[in-house]
Amino acid sequence: MDTYDSAGLTPRQRASSGLKDYFVGVTPLQKRLESVRRQNSFFPTPSRRKILQCSQLQEDVDPHKVAFLLHKQWTIYSLTPLYKFSYTNLKEYSRLLSAFIAAEKQKGLAVEVGEDFNIKVIFSTLLGVKGTQRDPEAFLIQILSKSQSSHEHREDKVLWTGWFCCVSGDSLLETVSEDFTCLPLFLANGAESNTALIGTWFQKTFDCYFSPLAISAFNLSWMAAMWTACKMDGYLATTEFFWSVPCSPQSLDISYAIHPEDAKALWDSVHKTPGEVTQEEVDLFMDCLCSHFHRHFKIHLSATRLVRVSTSVASAHTDGKIKVTSSSN
Amino acid sequence: MMSTQRATKNSQVRTRISQGSNSFQTSLSSWEVKQKSSGSKLNSSMEDSKHPDDQPEDDLQRAVKYFEKGPMKTLRSKDKILEKHLKTVENVAWKNGLTPEAIDILLNVALSGKFGNAVNMRMLKYMIPATLISEDSVVKAVSWLCVGKCSGNTKVLFYRWLVAMFDFIDHKKQIGLLYGFFFASLQDDALCPYVCHLLYLLTKKENVKPFRVRKLLDLQTKIGMQPHLQALLSLYKFFAPTLISVSLPARRKIYFKKSENPWASALHAVRLRNQGPFPEPLKLALGPVNVRFLRRKCNSHSIIPVVNSGSYAKEGGEKKMNLSDCLGGSSSLPLEQLQSFPQLLQNIHCLELPSQMGSVLNNSILLHYVNCVRDESILLRFYYWLSQTLQEEYIWYKMKNCEEGKEFINFLDTVIRAECFLQEGFYSCEAFLYKSLPLWDGFSCRSQFLQLVAWIPFSSFSEVKPLLFDHLAPLFFTSTIYFKCSVLQSLKEMLQNWLLQLSVDTYMQPMTSSPLETTLGGSMNSVSNLIDYVGWMSTIAMRLESNSTFLLHFILDFYEKVCDIYVNYNLPLVVLLPPVIFHSALLSLDASILNQLCYIMHRYHNNLAAAKKKELLQKAKSEFNFSSKTCKEFNHYLTVMVGCLWTSKPFEKGDYFDPQVLEKTGMAEYKHSLNLVHHPSLLSYAASFLLQESPEERTISMSSIRGKKWNCYLDYLFSEGFQGLKLFRTSSIRCSSVSQS
């Protein structure tokens with residue numbers, strides 16, 4: 001009956017809580033929090049990362065939907081686990097969310113759930129967008145504006161898109177109980193006011209918390225290295241880096257573009273261990289680029305801040321904007 | 001020429017009006033003051049209504065005043081004046097809207113039936129708010145409906161007005177309480193459509209009651225399937241699907257017609273006005289990362305969400321509401337209604353949890369509930385929310401300067417209050433500290449951070465040290481004495497919290513596990529390590545601050561907690577204070593320090609005695625032998641103290657000083673110089689004691705205090721507040737040995 005007792009665990013008594021008959025069940029929660037504590041204590045910056053095999057992604061992915069995610073600029077947010085989110089209720093959520101948006105837009109005019117508005121919200125799962133088998137399915141939300149005219153065939157215009165996903169979140173999943181769905185990454189494309197509206201609804205409905213995710217210069221250089229390493233078949237865009245010099249009144253940006261094949265050659269010369277990338281390699285790669293720049297312009301890029309990286313595969317900005325252009329990776 | 005001047009003046013006035021109304025500060029009292037000041041002008045313009053400097057603002061005031069007073073029967077030109085005032089108000093209303101105060105008065109007038117029906121209707125038609133309408137005005141107006149002074153048409157128009165203005169009413173709580181009254185008005189056929197609309201806007205889940213459903217269905221059979229009724233029914237059905245079995249058409253686009261609304265265009269203007277004056281503040285592109293914050297837009301009011309029960313998830317997930325729940329009326333209690341602790345106890349089984357767990361922070365009753373509830377998902381939800389919020393708000397705080405920082409500091413204060421309330425630290429706060437302490441400047445949010453440190457839950461010291469102390473110690477050593485004192489203070493509180501937690505744990509399950517340490521021994525080890533570490537910090541701090549008395553007070557405060565662990569918390573641990581602290585306190589120039597030291601030694605004595613006694617009683621069982629080293633060390637301290645203060649044989653047994661060195665200093669009677677009479681901190685007491693004894697004496701001899709006088713002197717000291725010394729004497733000095741050399 002009582003899961004804690006049956007598990008043979010002893011309850012932890014809270015200090016002077018006064019209500020001694022009630023208590024927090026010890027261990028499931030405690031363990032989780034403990035592991036969280038541990039995670040915090042040792043900053044999880046691995047010195048080496050394995051290159052992911054995209055088997056999962058390839059298997060049962062809907063190419064149409066993936067294409068849909070490409071070539072768009074996404075603003076990324078981190079998200080705490082969703083409470084009582086259920087994949088079986090997606091239809092219901094569509095209904096509620098569209099009613100919510102309509103209500104917010106018209107501010108207070110009576111709105112009936114299920115009534116017709118000129119917007120439509122669609123929840124759908126994104127099969128296969130995940131890192132490991134254990135990761136929960138990603139899902140996509142689209143807000144479409146219905147065309148006012150009666151032509152049925154006309155395509156609805158997409159106003160806003162956002163998707164939630166979890167890629168290789170094993171370490172995070174450990175701390176999550178079954179009431180929660182852990183999709184720590186949220187990507188949004190569209191008007192910020194819509195993002196805010198939907199964020200509000202999610203926060204209210206699933207008791208989660210959105211926070212914007214900035215990509216540090218450190219991670220940007222990792223991305224630069226890993227994306228440079230990708231094999232590209234078709235169109236090659238220049239590999240471009242942006243460094244920002246913090247000075248007032250306007251910051252000075254330094255753009256550094258190189259031919260993708262040169263970048264690849266440099267990476268290949270630096271990259272030794274097959275199958276994984278190490279911190280040293282990434283550092284060396286960036287150092288080479290910087291010293292090359294210094295030789296020509298006598299500017300130490302290491303004294304400035306890397307704010308943007310763009311390659312043929314994808315581009316990322318330090319303030320959490322990301323764009324993926326190639327599907328194969 | 002004249003006309004242009006007037007036009008500019010008018011526009012100035014208008015901007016003034018709109019500014020005033022936007023800031024919600026135009027109160028009636030200020031109106032009256034203005035009216036008094038311009039009283040003479042007002043009178044003159046009363047006589048000559050075509051005065052060129054006529055100001056619409058004054059006119060409006062006058063008109064409102066006129067309506068408030070009611071028609072004067074003696075006046076001959078009554079209709080004309082009425083018409084004039086109606087026009088004035090109408091113009092202002094359509095141009096700029098009316099202030100909440102004006103609406104309050106005019107609404108009262110319109111529904112009280114002071115004027116004729118036509119006037120009432122006309123007034124209702126121009127009741128357009130500048131910004132908002134106060135809830136009280138509406139409640140007052142509704143109360144007029146009961147008196148029966150206004151005609152059916154006025155009532156209809158009033159309901160229509162209410163529906164149209166619904167969004168501009170500042171609060172709706174009181175109006176929600178009138179739900180029953182509005183519902184009863186459904187019976188009036190003329191009112192029915194508009195009341196339906198109003199109810200449609202007002203209905204909350206808790207308003208849906210079986211008797212109301214019955215009433216609505218009755219009404220439907222009576223008047224047929226009307227769109228407005230259908231709307232209300234479908235809303236009821238949405239809230240309580242089990243109560244309404246009538247099938248309603250699945251789709252219906254328009255329940256209530258919008259077009260016949262006489263205020264439509266004015267409302268649009270009001271809406272624009274309400275949105276207008278809050279432009280987005282410019283954001284500078286400087287600074288580390290210019291991230292737009294989602295939260296700023298999501299919930300712009302406060303960091304902590306509002307308590308709100310009944311999440312969508314619940315409604316969406318388990319759609320079937322229990323019929324018996326609905327009928328019995330004992331369905332779950334919405335949190336908004338939870339007001340008192342007894343109420344919590346009565347409803348503890350059927351509380352609807354808040355949709356956002358973070359909202360419990362502001363609600364002490366809910367904190368009680370969260371504290372005792374078994375559901376771990378509640379705690380996890382709270383944990384996730386708090387962790388993220390702390391982190392993001394801190395980044396925000398760091399980016400912005402103090403203006404915005406206040407919000408974060410207030411938030412931290414709220415969190416700390418909740419921790420104090422629950423007597424328990426939150427894991428989120430702990431994690432937050434570990435993340436942010438390495439980057440902390442020791443200045444921003446200092447008091448909050450240190451209070452959070454005090455609430456770090458117990459964990460093994462070896463784990464806490466690299467996360468907390470390794471970052472705190474450098475700040476401690478390099479900061480001012482005040483910072484050092486506050487750190488010591490919060491470490492004292494942390495120790496106390498740990499001890500409390502451990503003592504309750506061991507009380508509940510003697511000698512078995514606390515959650516984090518496998519054995520009590522392990523836990524005690526951690527506590528002892530903490531004390532040692534603080535001892536080490538204090539020792540260095542004493543040197544850095546050149547034996548500051550102020551600092552020493554805080555250090556001794558810490559040891560006042562330490563010395564009592566065995567007796568107060570029933571935990572098998574006695575850790576002595578380090579020699580540097582002991583000697584600094586013993587040789588201090590401050591009498592209160594000496595007194596405090598005496599008290600601490602007295603408590604150590606009691607604790608050690610109690611521990612020894614227990615050890616003797618259960619010799620076989622006892623796991624925790626106090627090392628003889630502790631006892632030895634304590635005895636040594638004791639000997640030194642007694643030697644210095646009482647027997648005037650300082651430092652005889654230890655090998656601190658070579659007596660020859662002391663003799664070389666030329667002090668003939670160094671042996672006496674640390675006893676209770678000559679001790680530097682007590683010298684002034686001895687002197688005033690002697691002066692009290694024999695006030696006429698010109699020269700006083702300290703060494704005269706001996707024998708019987710010594711005891712008198714001691715009594716004098718005790719009467720001066722040296723309670724620590726008194727306790728120390730009773731516990732550590734046998735009366736026989738008091739005899740003075």
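Just so you know, these numbers come straight off a predicted model, no measurement behind them.

Some points on the overall build of chain B
The helix and strand inventory of chain B stands at 36 helices and zero strands. By the burial criterion, 50% of the 741 residues in chain B qualify as buried. Of the contacts made within chain B by residues no fewer than 6 positions apart, 73% connect residues no fewer than 24 positions apart. Split by element, the accessible area of chain B, about 36,300 Å² in all, is 55% carbon and sulfur.

With respect to the overall build of chain A
The helix and strand tally for chain A stands at 10 helices and 15 strands. Looking at the 329 residues of chain A, the share that counts as buried comes to 49%. Taking the intrachain contacts of chain A between residues at least 6 apart in sequence as the baseline, contacts between residues at least 24 apart amount to 65%. Total accessible area computed for chain A in this model is approximately 16,200 Å², and 56% of it derives from carbon and sulfur atoms.

Examining the environment of B:Val119
Here B:Val119 lies in helix H7 (residues 117-125). Taking the C-alpha atoms as reference, B:Val119 lies 9.2 Å from B:Glu83; in sequence the two are 36 residues apart.

Topic: the side chain of B:Ser112
Residue and element names in this part refer to chain B. In this structure, Ser112 sits in helix H6 (residues 100-112). Within the structure, the side chain of Ser112 is placed 2.9 Å from the backbone oxygen of Val109, a separation counted as a polar contact. With near-sequence residues (within four places) excluded, Ser112 lies in contact with Trp144 and Lys149.

Observations concerning the confidence of the model for chain A
All names here are of chain A. Predicted confidence across chain A gives a mean pLDDT of 73, with 68% of residues reaching 70 or more. Considering only residues more than four positions removed or in separate chains, one finds that residues 51-58, a stretch of pLDDT under 50, has 13 contacts. Low confidence marks residues 108-112, where pLDDT is under 50. Its contacts with residues over four positions away, or in another chain, come to 18 contacts.

Things to note about the environment of B:Ser112
Among the residues examined, B:Ser112 registers a relative accessible area of 6% and is labelled buried. Residues B:Ser112 and B:Ser143, 31 residues apart in the sequence, show an inter-C-alpha distance of 9.7 Å.

Quick notes on the pattern of salt bridges
Residues and elements named next belong to chain B. A complete count under the given rule lists nine salt bridges over all chains for this structure. Note that Asp470 is salt-bridged to Lys465, the shortest N-O span being 3.1 Å. A relative accessible area of 35% means that Asp470 is categorised as partly exposed.

As for the pairing of strand E2 (residues 73-79) of chain A
Residues and elements named next belong to chain A. The buried count for E2 comes to five of seven residues, which makes it a mostly enclosed element. Of the strand pairs in this sheet, E2 and strand E8 (residues 185-190) are connected by four bridges, and their pairing is antiparallel. Bridge assignment links Tyr77 to a residue of E8, and that residue is Phe186.

Here we look at the packing of aromatic side chains
Residues and elements named next belong to chain B. Counted according to the given criterion, the structure contains 66 aromatic pairs over all chains. Each ring, one from Tyr533 and one from Trp536, has its centre 5.3 Å from the other, and the planes form 50 degrees; the classification is tilted. Of this pair, Tyr533 and Trp536 both sit in helix H27 (residues 520-544), three residues apart, which is roughly one turn of the helix. The ring of Phe166 has Lys172 lying over it, and the distance from NZ or CZ to the ring centre is 4.8 Å. Over the face of the ring belonging to Phe183 we find Arg212, whose NZ or CZ atom lies 5.5 Å from the ring centre.

Re the packing of helix H21 (residues 376-399) of chain B against helix H23 (residues 427-436) of chain B
Residue and element names in this part refer to chain B. Direction vectors running N to C along H21 and H23 enclose 30 degrees, while the axes themselves pass 8 Å from each other. Taken together, H21 and H23 sit at an angle that is classed as roughly parallel. In terms of crossing hand, the pair formed by H21 and H23 is right-handed. Residues Phe382, Tyr383, Leu386, Ser387, Leu390, Gln391 and Tyr394 of H21 pack against Tyr427, Ser428, Cys429, Phe432, Lys435 and Ser436 of H23. Here the contact of H21 with H23 is composed, by residue class, of eight nonpolar, four polar and one charged.

Digging into helix H9 (residues 152-164) of chain B
Taking 1.5 Å as the rise per residue, H9(B) with 13 residues should run 18 Å; its terminal C-alpha atoms sit 18 Å apart, in good agreement. Those residues of H9(B) that fall on the buried side of the exposure criterion are B:Thr154, B:Val156, B:Leu157, B:Phe158, B:Tyr159, B:Trp161, B:Leu162, B:Val163 and B:Ala164.

Considering the confidence of the model for chain B
Residue and element names in this part refer to chain B. Scored by pLDDT, chain B has a mean of 76; 73% of the residues are at 70 or more. Of all secondary-structure elements in chain B, the lowest mean pLDDT belongs to helix H17 (residues 312-317), at 39, while helix H28 (residues 549-562) reaches the highest, 96. Every residue in residues 276-301 scores below 50 in pLDDT, and together they form 51 contacts with partners more than four places removed in sequence or on other chains. This stretch, residues 511-517, has a pLDDT under 50; its non-local contacts, to residues over four places away or in other chains, come to 20 contacts. For this predicted complex, the interface score ipTM comes out at 0.76, while the overall pTM is 0.64.

Here's the deal with the environment of B:Val92
Its place among the elements puts B:Val92 in helix H5 (residues 78-96). Residue B:Val92 is classed as buried on the basis of its relative accessible area, which comes to 7%.

Concerning helix H9 (residues 260-270) of chain A
Of the residues making up H9(A), those classed as buried are A:Pro260, A:Ala263, A:Trp267 and A:Val270. Seen from one end, H9(A) has its buried residues packed into an arc of 85 degrees, which puts them on one side.

With respect to the packing of H9(B) against helix H12 (residues 192-202) of chain B
All names here are of chain B. The contact between H9 and H12 brings their axes to 9 Å, and the two run at 25 degrees. In terms of orientation, H9 and H12 fall into the roughly parallel class. Of the two possible hands of crossing, H9 and H12 adopt the one that is left-handed. Note on element contacts: H12 touches H9 through Tyr194, Val195, His197, Leu198 and Leu201, opposite Val156, Tyr159, Arg160, Leu162 and Val163. Tallied by class, the residues present in the contact of H9 with H12 amount to eight nonpolar, one polar and one charged.

Here we look at unusual backbone geometry
Residue and element names in this part refer to chain A. Unusually for a residue other than glycine, Lys84 sits at a positive phi of about 55 degrees. As for its placement among the helices and strands, Lys84 is situated in the loop between strand E3 (82-83) and helix H5 (90-106). With a phi close to 45 degrees, Asp207 is a non-glycine residue in the positive phi region. Turning to its location among the elements, Asp207 is positioned in the loop between helix H7 (192-206) and strand E9 (210-212). Given the relative accessible area of 2%, Asp207 is considered buried.

Calculation notes
Residues numbered from 1 in each chain as written. Chains lettered and ligands numbered in written order. Predicted model: local features only at pLDDT ≥ 70, side-chain atom pairs only at ≥ 80, totals over all residues. Heavy atoms only, no water. Helix = DSSP H or I, 4+ residues; strand = E, 2+ residues; numbered from the N terminus. Buried < 20%, exposed > 50% of the residue type's maximum accessible area, 1.4 Å probe, protein only. Contact = heavy atoms within 4.5 Å. Areas by Shrake-Rupley, 256 points an atom, 1.4 Å probe, with all protein chains shown as cover. Polar contact = N/O pair within 3.5 Å; in protein donor to acceptor, adjacent residues only side chain to side chain. pLDDT = per-residue confidence, 0-100. Salt bridge = Lys/Arg side-chain N within 4 Å of Asp/Glu carboxyl O. Pairing = 2+ DSSP bridges. Phe/Tyr/Trp six-rings, centres within 6.5 Å; stacked < 30°, edge-to-face > 60°. Lys NZ or Arg CZ within 6 Å of the ring centre and 35° of its normal. Axes fitted to C-alpha atoms, helices over the stretch in contact; angles between N-to-C directions. Parallel < 35°, antiparallel > 145°, perpendicular 65-115°, else oblique. Left-handed = near helix turned anticlockwise from the far one by under 90°. Nonpolar A, V, L, I, M, F, W, Y, C, P; charged D, E, K, R; others polar. Expected span 1.5 Å × (residues − 1). Arc of directions from axis to C-beta.

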